[in-house]
Amino acid sequence: MRKRRLKLATKVAVITLALALLSFTAAFLFFSKYFFNKSGNPGGAAAAGKFDTDRVNIVLLGFDRDEIRGKSSDIFRPDTIMIASIDFEDRKVALLSIPRDSYVKIAGTEIYDKINHAYMYGYHEAAAAGKDKHQAGMETTIRTIEDFLGGIPIHYYVAVDMEGVVEIVDQVGGVYFDVKYPIRTKYGTGRLLVDKGYQLLDGRKFLYYVRDRSVGGDFGRASRQQEILIEAFRQIKARGQLKDIPAIYRSVQKNVETNLSLGQIAQLAIFGLRLDPEDISAHVFPGSVQLAARNGQNVSYVVINEKRRVEIIKEVFGIDVPLRPTPALPPPIIDEPQEEIPGPSEKLPKPPEEPPVLPSDEFETPIG
């Protein structure tokens, strides 16, 4: 995500991460009279923005940008990649999480790398060509996700950075949740951030929880994200928090980006209000964690289980996609420490032949 304020095709009112795709849009129910009757607006019927299909796939990208990182870097990664597949006809939603370290072919290249590095490849290619770097990064990310899904289209995206998550959760009054284990810095061995037990999580603690991967790695984190998002959706809906939406809108619009129109947002809101949380299914693409040598270092990748990838796509979308050969990784360096080195700066015109390793997303210097 760029250092400067995100610029949208259309700004979204509010997002509470993945399931906010179903609930945040209630903002425009609150504002519907204003938007649908404003001078120059084509009116309610046209602004309803009906989708062209009975099923819509929206990807949530949670970027690893915060205030501190924004001062030292210009390129950020989507460390949360979650698709909300919304079936309007059957009134169901499927959440699909792709582990951020998944070893995949980057769209538009012949290179295999972590899926959350796709943004960097598009960014650098556009920089060399004098094109819009952020737009190219987003397009490469989405195309790479579509390829991972065997050609299943991603119709829309919602991107949010870390500070946006904190603001959103604080605005809705926090989320009650039973934290199963203490959250600490340095992969669970450092300073205590969130104690275990049932509690009200404010925005900062919520962020610590959804970003922790000390238990179960990427797979554990993805499952916990889905679980707490479904619970957040349940609580926000039960509270009837429409009255809070205007304040949320004012606070988060600088940290949220989407290509959904206002009319489409309003339609999602109506759907979300009628959705039973029991009709939300959750899926995480499984795989194995493997070490491979890269730039003289051992790097951890997730090699996706091809059989399960095909089965999950069939279960959720009803489409058969072909099995692919499991990609072969270079062997790890024996007796070498597993480290990560800083990634490239914006000044680099393009990624090198063998892409760099980007830094970890763990909480070495937590805020608050």
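Residues numbered from 1 in each chain as written. Predicted model: local features only at pLDDT ≥ 70, side-chain atom pairs only at ≥ 80, totals over all residues. Heavy atoms only, no water.

Draft legend 1. The arrangement of the overall build of the protein chain in detail. Looking only at helices and strands, one finds 14 helices and 14 strands in the protein chain. For the protein chain, buried positions account for 54% of its 368 residues. Within the protein chain, residue pairs in contact and separated by at least 24 positions form 71% of the contacts whose partners lie at least 6 positions apart. As presented, the protein chain carries roughly 16200 Å² of accessible surface, and 52% of it is formed by carbon and sulfur atoms. (Helix = DSSP H or I, 4+ residues; strand = E, 2+ residues; numbered from the N terminus. Buried < 20%, exposed > 50% of the residue type's maximum accessible area, 1.4 Å probe, protein only. Contact = heavy atoms within 4.5 Å. Areas by Shrake-Rupley, 256 points an atom, 1.4 Å probe, with all protein chains shown as cover.)

Draft legend 2. Local environment of the pattern of salt bridges. Evaluated as defined, the whole model comprises 17 salt bridges. Salt-bridge contacts for Asp79 lead to Arg77; the nearest nitrogen and oxygen are separated by 3.8 Å. Among the charged side chains, a network of salt bridges with common partners joins Arg77, Asp79, Arg100, Asp101, Lys114, Arg211 and Arg213. (Salt bridge = Lys/Arg side-chain N within 4 Å of Asp/Glu carboxyl O.)

Draft legend 3. Quick peek at the packing of helix H10 (residues 203–211) against helix H11 (residues 217–239). Put simply, H10 and H11 touch, their axes get as near as 8 Å, and they point 140° apart. It follows that H10 is oblique to H11 by the angle criterion. Residues Phe206, Tyr209, Val210 and Arg211 of H10 pack against Arg221, Arg224, Gln225, Ile228 and Leu229 of H11. Considered class by class, the residues forming the contact of H10 with H11 number five nonpolar, one polar and three charged. (Axes fitted to C-alpha atoms, helices over the stretch in contact; angles between N-to-C directions. Parallel < 35°, antiparallel > 145°, perpendicular 65-115°, else oblique. Nonpolar A, V, L, I, M, F, W, Y, C, P; charged D, E, K, R; others polar.)

Draft legend 4. Highlighting the confidence of the model for the protein chain. The pLDDT averaged across the protein chain works out to 75; a share of 69% of its residues lies at or above 70. Mean pLDDT in the protein chain bottoms out at helix H4 (residues 44–47), which sits at 30, and peaks at helix H14 (residues 306–317), which reaches 97. Note on residues 338–368: pLDDT under 50 across the span, and 90 contacts to partners over four residues away in sequence or across chains. (pLDDT = per-residue confidence, 0-100.)

Draft legend 5. Spatial organisation of the environment of Val104. Looking at the secondary structure, you find Val104 in strand E4 (residues 103–105). Contacts of Val104, omitting those with residues within four sequence positions, involve Ile111, Tyr112, Asp113, Ile115, Thr144 and Phe148.

Draft legend 6. Up close: the packing of helix H6 (residues 118–129) against helix H7 (residues 133–148). With their axes 7 Å apart at the nearest point, H6 and H7 run at an angle of 140° to one another. Put simply, H6 runs oblique to H7. Note on packing geometry: the crossing formed by H6 with H7 is right-handed. Where H6 abuts H7, its residues Ala118, Tyr119, Gly122, Tyr123, Ala126 and Ala127 lie against Lys133, His134, Ala136, Gly137, Met138, Thr140, Thr141 and Thr144. Partitioning the contact of H6 with H7 into residue classes produces seven nonpolar, six polar and one charged. (Left-handed = near helix turned anticlockwise from the far one by under 90°.)

Draft legend 7. Focus on the nonpolar core. Ranked by size, the top nonpolar core spans 42 residues in total, and within it Ile58, Ile183, Phe206, Ile228 and Leu260 carry the most contacts. Grouped together as the second largest cluster of nonpolar side chains are 39 residues, Phe76, Ile106, Tyr121 and Val321 included. (Core = buried A, V, L, I, M, F, W, Y, C linked by side-chain atoms within 4.5 Å.)

Draft legend 8. Broad picture of the side chain of Thr80. Relative to the helices and strands, Thr80 resides in strand E2 (residues 78–87). Within the structure, the side chain of Thr80 is placed 3.1 Å from the side chain of Gln225, a separation counted as a polar contact. (Polar contact = N/O pair within 3.5 Å; in protein donor to acceptor, adjacent residues only side chain to side chain.)

Draft legend 9. Main features of the sheet that holds strand E11 (residues 256–258). Read from one edge to the other, the open sheet built from six strands follows the order E11-E6-E1-E2-E3-E12, with strand pairing classed as mixed. The two strands at the open ends of the sheet, each matched to only one other strand, are E11 and strand E12 (280–284). In this sheet, adjacent strand axes meet at a mean angle of 15° when their direction is disregarded. Sheet topology note: the E2/strand E3 (residues 92–97) ladder contains six bridges and is antiparallel. If you follow Ser85 over to E3, its bridge partner there is Ala94. Packed onto the sheet, H7 meets strand E1 (55–63), E2, strand E6 (156–160) and E11 and runs at close to 125° relative to E1. (Pairing = 2+ DSSP bridges.)

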